[in-house]
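# Fold and contact review
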Amino acid sequence: MSTQIPKQTEKAEETAETETEAPSKGDERRAEKRRRADERRRQREAEEAEKAAADENTVELRVFRYDPDVEGKQEPRFDTFHVPFEKGMTVLDALMYARDTYDSSLTFRHSCRQAVCGSDAMFVNGGQKLACKTQIGELEEPIRVEPLPHAEVTKDLVVDMEHFYDQMEAVEPYFQTNEYPEGELEEQRQTRENREKIKMSTRCIWCSACMSSCNIAAGDNEYLGPAAINKAYRFAMDEREGEDIKQKRLEIIEQEHGVWRCQTQFSCTEVCPKDIPLTEHIQELKREAVKNNLKFW
């Protein structure tokens, strides 16, 4: 497993001793009340987990756990949850059941639950997948759920996406043109053929599964990555942007850590949940870059 855990900072220097006030009787009663409530909750969760484990119609989840802010949870580990199986259940459904029934501190991202937002990309049984799209019935048990590899883990199954967003921003992922239609209300129409050419590239949902699967991105932190290059492809191949803007985009992707770093391993294409031919798009941009450079010879 290549999950990245932030390096533990050195223990804080001992702070100067300060006088603390003794807790009042009311504080002691409230603390005791909270302690008893936590104890009853843990006992109830343990009983439910034991009952679920004895039930044959359950699936076993082994979920990565890590929390740098809680003492006792700073060492990465796997927790086991037994979840009642239902036909059509997804990995996200199982995680939500485990969180709501056994451990409310279990942390993961999710939103639309329809494979559109891309927020629940995870490493499931050794592969990058969308949790809301992956059927439990198609997986071998025990089902191992981890955060995306090659990204810093923030907590449990949540990773820091800032670097991925920086790489996407680097290719200027928005439409630009110097050629505007004559009429004020006239649309910038795109030909049907050109729309078909870039159609697949527009399906990216920014889940970062491709970036996580890329061995080049794992070794070169400055590599733009398949998602960002695909986004550059989407606009570089849009005939409405014009030659000047296309030239600018090719210069961005031709940089040292751009398209030429790709070694055509197809790992990004294999894990893309939207079936975007990422490797083909990268190769086509390489050919465009070569043709563009030949013009100046």
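The preceding data block contains the structure.
Here we summarise the structure given alongside this text. (Residues numbered from 1 in each chain as written. Predicted model: local features only at pLDDT ≥ 70, side-chain atom pairs only at ≥ 80, totals over all residues. Heavy atoms only, no water.)

## Side note on the pattern of salt bridges
- Across all of its chains, the model carries 23 salt bridges by this definition.
- Two residues, Glu146 and Arg144, come together in a salt bridge whose shortest N-O distance is 3.1 Å.
- Owing to a relative accessible area of 36%, Arg144 belongs among the partly exposed residues under this scheme.
- With a shortest N-O distance of 2.8 Å, Arg249 and Glu241 are connected by a salt bridge.
- Judged by its relative accessible area of 3%, Arg249 is buried.
- Note on Glu241: relative accessible area 2%, which makes it buried. (Salt bridge = Lys/Arg side-chain N within 4 Å of Asp/Glu carboxyl O. Buried < 20%, exposed > 50% of the residue type's maximum accessible area, 1.4 Å probe, protein only.)

## Here we look at the sheet that holds strand β2 (residues 77-84)
- Here five strands make up an open sheet; going across it, the order is β2-β1-β5-β3-β4 and the pairing mixed. Looking at which strands have only one partner, the edges of the open sheet turn out to be β2 and β4 (127-130). Each adjacent strand pair in this sheet contributes to an overall mean axis angle of 35°, direction not counted.
- Taken together, the four bridges between strand β3 (residues 121-124) and β4 define a ladder with antiparallel strand orientation. (Pairing = 2+ DSSP bridges. Helix = DSSP H or I, 4+ residues; strand = E, 2+ residues; numbered from the N terminus. Axes fitted to C-alpha atoms, helices over the stretch in contact; angles between N-to-C directions.)

## Notes on the pairing of strand β1 (residues 58-65)
- With seven of eight residues buried, β1 is to be regarded as a mostly interior element.
- Bridging between β1 and β2 involves eight bridges; their strand directions are antiparallel. What sits directly across from Arg65, in β2, is Arg77.
- Relative to strand β5 (residues 143-146), β1 runs parallel, the two being bridged by three bridges. In the strand pairing of β5, Arg62 is matched with Arg144.

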